[in-house]
Amino acid sequence: AQSVTQLGSHVSVSEGALVLLRCNYSSSVPPYLFWYVQYPNQGLQLLLKYTSAATLVKGINGFEAEFKKSETSFHLTKPSAHMSDAAEYFCAVSEGPNFGNEKLTFGTGTRLTIIP
Amino acid sequence: GAGVSQSPSNKVTEKGKDVELRCDPISGHTALYWYRQRLGQGLEFLIYFQGNSAPDKSGLPSDRFSAERTGESVSTLTIQRTQQEDSAVYLCASSPRTSGYNEQFFGPGTRLTVL
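Rules used throughout
- Residue numbers restart at each chain and count upward from 1, following the sequence in its written direction.
- Lettering of chains starts at A and numbering of ligands starts at 1, both following the order in which they are written.
- Residues qualify for local features only when their pLDDT is at least 70, as the model is predicted, and side-chain atom pairs are given and counted only at 80 or more; totals for whole chains, interfaces and linings, by contrast, use all residues.
- Only hydrogens and water are set aside when side-chain values are computed; all heavy atoms of the structure are taken into account.
- By definition, any uninterrupted DSSP run of H or I lasting at least four residues is a helix, any uninterrupted run of E lasting at least two residues is a strand, and each is numbered from the N terminus.
- In this setup the radius of gyration rests on C-alpha atoms only. A globule is expected at 2.2 Å times the number of residues raised to 0.38.
- The classification of residues rests on relative accessible area computed with a 1.4 Å probe and restricted to protein chains. Under 20% of the type maximum is buried, over 50% is exposed, and intermediate values are partly exposed.
- In this analysis, two residues are considered to be in contact whenever any of their non-hydrogen atoms come within 4.5 Å of each other.
- Residue burial considers only the protein chains on display, and all accessible areas are found by Shrake-Rupley using a 1.4 Å probe.
- Sulfur atoms of two cysteines make up a disulfide when they are within 2.5 Å.
- Points on a 1 Å grid, built from protein atoms alone, make a cavity when a 1.4 Å probe fits but cannot get out and make a pocket when they are open with protein on both sides within 12 Å along at least 5 of 7 lines; residues with an atom within 4 Å of a point are the lining residues.
- Grid points are joined across faces, edges and corners, and a volume is the space filled by probe spheres set on the points.
- Under the convention adopted here, Pro, Cys and the residues Ala, Val, Leu, Ile, Met, Phe, Trp and Tyr are nonpolar, Asp, Glu, Lys and Arg are charged, and Gly plus all remaining residues are polar.
- Side-chain atoms within 4.5 Å link the members of a nonpolar core, which is a set of buried Ala, Val, Leu, Ile, Met, Phe, Trp, Tyr and Cys residues.
- When DSSP finds two or more bridges between a pair of strands, those strands are recorded as paired.
- Think of each axis as a best-fit line through the C-alpha atoms, taken over the contacting stretch in the case of a helix, with angles from 0 to 180 degrees between the N-to-C directions.

Trainee: Hey, could you run me through the overall build of chain B in this one?
Mentor: Within chain B one finds zero helices and ten strands. Along its sequence from the N terminus, chain B presents helices and strands in the succession β-β-β-β-β-β-β-β-β-β. In summary, chain B has a C-alpha radius of gyration of 14 Å against a globular reference of 13 Å for 115 residues, a match within 12%. With the C-alpha coordinates aligned to their principal axes, the bounding extent of chain B is approximately 45 × 30 × 25 Å. Counting every position in chain B, which comprises 115 residues, the buried fraction comes to 47%. Here the analysis covers contacts within chain B between residues at least 6 apart in sequence; of these, 54% occur between residues at least 24 apart. Looking at chain B as shown, the accessible area adds up to about 5,500 Å², and 45% of this sits on carbon and sulfur atoms.

What follows is the structure in structure tokens.
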């Protein structure tokens, strides 16, 4: 069984400040990990993914995340927040392609607000 | 359009009525997923189709929920005798099926409101 915990349902940061969104996972097999972003009234968009290669993963829009097995974490960061980053962010885990169904198990999401 | 499309975008229905939601996957994508997003919660997996294989229905919350897909084409999710707790955004995703990791591409969702 797999699960994802996102700490903080709402995070507010000032424009230009560091963004840190936390994600911890639980998985009985080596996980595949993802961050998705959902802008208002839009579908989910993949920000970045960890698929057992490099532990530091870079994604779109300047975001990156680091897989830390010892901490079962996959926190999302961005050095300098931009107003356009305001959205809801979801962390997700899957068992990967070797187990057939690659269904995603999502966290409850973190709404990011950028303060001008 | 090359993306996943869903219809209708919004559906308001009365408790007890049946509803049918449609998903058009990206052409050539053999895998198709349905998820549900209830207010304030993350997405929940509902059902998975892969080509002509038997679907994985392990996420369907009750026997009022069913889904069909013919081959690698359109899928429909049917909810019978809708209840207020069925109110949610229903998201469809499709992916290719290669030997490696397969990204899921999400549609815009159908917002279902049960009065």
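Trainee: Explain the state of the cysteines here, please?
Mentor: What is meant by a disulfide is a covalent connection between two cysteines, made through their sulfur atoms. All names here are of chain A. Per the stated rule, a full pass over the model turns up two disulfides over all chains. Paired by a disulfide, Cys23 and Cys91 hold their sulfur atoms 1.9 Å apart. Disulfide Cys23 to Cys91: torsion about the S-S bond roughly -65°, handedness left-handed. Of this pair, Cys23 sits in strand β3 (residues 19-26) while Cys91 sits in strand β9 (residues 87-94), placing them 68 residues apart in sequence. Neither residue differs from the other here; Cys23 and Cys91 are each classed as buried.

Trainee: What is the right way to look at the layout of surface pockets in this model?
Mentor: Think of a ball as big as a water molecule: rolled over the atoms, this probe shows where empty space is left. Taken as a whole, the largest pocket holds about 690 Å³ of empty space. Lining the largest pocket we find 28 residues, and of these Gln38 and Arg111 of chain A together with Gln37, Val89 and Arg111 of chain B sit closest to its centre. Where the lining of the largest pocket is concerned, the elements lending two or more residues are β9 of chain A together with β8 (88-95) and β10 (110-114) of chain B. Among the residues making up the lining of the largest pocket, the classes are represented as nine nonpolar, 15 polar and four charged.

Trainee: Where do I start with unusual backbone geometry in this structure?
Mentor: Glycine aside, negative phi is the norm for most residues, and most peptide bonds take the trans geometry. All names here are of chain B. For the bond running from Ser7 to Pro8, omega is -10°, close enough to zero to count as cis. Position of Pro8 among the secondary structure elements: in the loop between β1 (5-7) and β2 (10-13). Backbone geometry places Arg81, a non-glycine residue, at a positive phi of 50°. Along the chain, Arg81 falls in the loop between β7 (75-79) and β8. With relative accessibility at 42%, the residue Arg81 sits in the partly exposed group.

Trainee: Looking at this structure, I do not really get the nonpolar core. What am I missing?
Mentor: Among soluble globular proteins, nonpolar side chains are generally buried collectively. Formed by 27 residues in total, the largest nonpolar core has its most connected members in Trp35, Leu48, Leu76 and Tyr89 of chain A. In contact with Leu48 of chain A, other than residues within four places in its own chain, are Leu33, Phe34, Trp35, Val57, Lys58, Gly59, Phe63, Glu64, Ala65, Phe74 and Leu76 of chain A. Counting 20 residues, the second largest nonpolar core, distinct from the first, contains Val4, Phe49, Ala67 and Val114 of chain B.

Trainee: I tried to follow the sheet that holds β7 of chain B on my own but got confused; where do I start?
Mentor: Each strand in a sheet pairs with its neighbour through backbone hydrogen bonds, running either in the same direction (parallel) or in the opposite one (antiparallel). All names here are of chain B. The strand order β1-β3-β7-β6 describes an open sheet built from four strands, whose pairing is antiparallel. Whereas interior strands pair on both sides, the edge strands pair on one side only; in this sheet they are β1 and β6 (65-69). Each strand axis lies, on average, 15° off the axis of its neighbour in the sheet, ignoring direction. Pairing of strand β3 (residues 19-24) with β7, which is carried by five bridges, proceeds in the antiparallel orientation. Looking at β7, one finds that Glu20 is bridged to Thr78.

No statement about biological role is implied by the geometric values presented.
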